[in-house]
Amino acid sequence: MEKRGMWSSRLTFILAAIGSAVGLGNAWRFPGLAAKHGGGTFLVVYLLAMLLMGIPLLMMEIAIARKFRRGAIESMRGIGKKWEPVGWAATSNAFVIVCYYAVVFAWVILMFINSWQFANMTGDNEAASGLFLQLTQTTGAIEGTNIPGIVLVCLLISWGLIFYCIRNGASSVGKVVKFTVFAPVVLLLIMAVKGCTMPGAMEGIKMLFVPDISAFSDPSLWVDAIGQVFYSLSIMMAIMFAYGSYVGNDADIAADAMIIAFSDMAVSVLSGIVMFSTMGGTGMLGEITASGISTAFFVYPTAIVNLTGNGVVNAIFGAIFYLMLITLAIDSAFSIVEGISAAIADKFHLKPKTVTIAVCAICGIISLVFITEAGLAWLDIVDNWTNQINLILIGVLECIAIGWTFSLRKVLGEVNKNAKRFKMPYWWFASSINLSRRCCSLVCSSGT
Ligand code: PFF
């Protein structure tokens, strides 16, 4: 068998994991959910879910994968033979997710290439919000099989970039993330400065940070917050198993997971500031929707053409926005392919590179469905299915597997193996795993 690739340094692992965690979910899913659940209210519950469930589960996935030095399927099998299907569930969920995530990535590339068109649309809301539909020819209904050539080209670019970044596993990923982690933060900061200096921006910022007490009683708030924490940390998707399996024995998992989770949270809040201030500044606060796709491709373009009276400046900000989304999406997209490849290669003792090629080819073909005229409608259905209930269900099963059949103390020992300044306390870890199991079971049994 080939020697397992390892991260070249601690920093490389942290950056790769942050790159995976920080993705389109931060840029549009987080602000969209915050708008749906009373801004600050969502922020509070999200923070709680992150501390109580997200961080301990992230540590757990990395620690188990390091212990067994295997991807999701074989790591879950390492816990107990009967838990192997949980690894398969995470891997197959990832398989479905990447098929449409690559398409969203392609759409972002398409909008970036076409952002010059905003220069001729100053104040023309109809043209701006219609640009995406005009380019993709997607109808939102489940009918039509036409594929526009330009979208196909963007999809090929998207898969080409994904494959290029992971062609040599951990070693090629390590090189790319040094750029893809920092670039979106710089671009977001530029946009935050623009957003916050617009008159009316403060109204948006207030909406993001001030909690609406009445919204706390809505049970869907909790489901959305837990789902978003899992999604945002890239857990329950086979990714952190793969990345954890390349971590060195001397790694301080407790501290590294904290850095990853807090960086992810910081970027979500920064994206929230960009979105809410810009929408406040353009008088469009009421239009942020829970659907990220609609925010990014219909609502935000409208904001872009109303940013200033100068078309060229607007087009530049449009290009910055879509470039920011490209740099956010790429390292999440390749991380999920890496998660699938590592799981399959380890399971069947195959060459990782061969599996990566096969995964890109098969998912590439399936992803064609999402660029047809009916693509957006399919994407909506599949996205709801994979990201709410599936992630949470896999979460329960992982917690049951670890909490009941394996020893929590053993996992915690692995987490704290090289802990220096921060040691994960047993009470936090154990109560989180138990709480996650209970909350997730409750959410699944309520059928939401
Ligand atoms: N953490 C990623 C995000 O917030 O966008 C989640 C993700 C989704 C990773 C899809 C990878 C992926 F293909």
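The preceding data block contains the structure.
Residues numbered from 1 in each chain as written. Predicted model: local features only at pLDDT ≥ 70, side-chain atom pairs only at ≥ 80, totals over all residues. Heavy atoms only, no water.

> Please provide a residue-by-residue account of the nonpolar core, values included.
What tends to happen in soluble globular proteins is that the nonpolar side chains get buried as a cluster. Among the nonpolar cores identified, the biggest contains 173 residues, and Trp107, Phe297, Leu325 and Phe334 are the most heavily contacted of them. The element best represented in this core is helix α15 (residues 311–348), accounting for 20 residues. (Core = buried A, V, L, I, M, F, W, Y, C linked by side-chain atoms within 4.5 Å. Buried < 20%, exposed > 50% of the residue type's maximum accessible area, 1.4 Å probe, protein only. Helix = DSSP H or I, 4+ residues; strand = E, 2+ residues; numbered from the N terminus.)

> Please give an account of the site of the ligand that cites residues and values.
The immediate surroundings of the ligand are formed by 15 residues, with Ala21, Gly25, Tyr101, Tyr231 and Ile336 found nearest. Tyrosine 231 is positioned with one of its backbone polar atoms (N or O) 2.9 Å from a nitrogen atom of the ligand. Note that a nitrogen atom of the ligand is positioned 3.0 Å from one of the side-chain N or O atoms of serine 234. Here the ligand loses 100% of its free accessible area of 340 Å² to cover by the protein chains. Those elements that place two or more of their residues in the shell around the ligand are α1 (10–21), α2 (24–36), α5 (84–113), α11 (219–232) and α15. Here the shell around the ligand takes three residues from α2, the largest share from any one element. Residues belonging to the shell around the ligand are distributed by class as follows: eight nonpolar, seven polar and no charged. (Near = heavy atom within 4 Å. Polar contact = N/O pair within 3.5 Å; in protein donor to acceptor, adjacent residues only side chain to side chain. Areas by Shrake-Rupley, 256 points an atom, 1.4 Å probe, with all protein chains shown as cover. Nonpolar A, V, L, I, M, F, W, Y, C, P; charged D, E, K, R; others polar.)

> Account for the pattern of salt bridges, with residues named and values stated.
When charged atoms on two side chains of opposite charge get close, those side chains can pair. Across all of its chains, the model carries seven salt bridges by this definition. With a shortest N-O distance of 2.9 Å, lysine 36 and aspartate 224 are connected by a salt bridge. Pair noted here: lysine 36 is in helix α2 and aspartate 224 is in helix α11, with a separation of 188 residues, a long-range link. Note on lysine 36: relative accessible area 47%, which makes it partly exposed. For aspartate 224, a relative accessible area of 7% puts it in the buried group. Among the ionic pairs, glutamate 84 bridges to arginine 77, the shortest N-O distance being 2.7 Å. A relative accessible area of 11% places glutamate 84 in the buried class. (Salt bridge = Lys/Arg side-chain N within 4 Å of Asp/Glu carboxyl O.)

> Pulling in residues and values, what's your account of the environment of leucine 323?
By the element assignment, leucine 323 lies in helix α15. Between the C-alpha atom of leucine 323 and that of proline 184, which follows or precedes it by 139 residues, the distance is 7.9 Å. If we skip the residues at most four places from it in the chain, leucine 323 touches Phe112 and Leu187. (Contact = heavy atoms within 4.5 Å.)

> How would you summarise the environment of alanine 35 if you had to cite specific residues and measurements?
Residue placement: alanine 35 occurs in helix α2. Counting along the chain gives twelve residues from alanine 35 to leucine 47, while the straight-line C-alpha distance between them is 16 Å. Those residues in contact with alanine 35 that sit more than four places away from it in its chain are Met207, Phe276 and Ile288.

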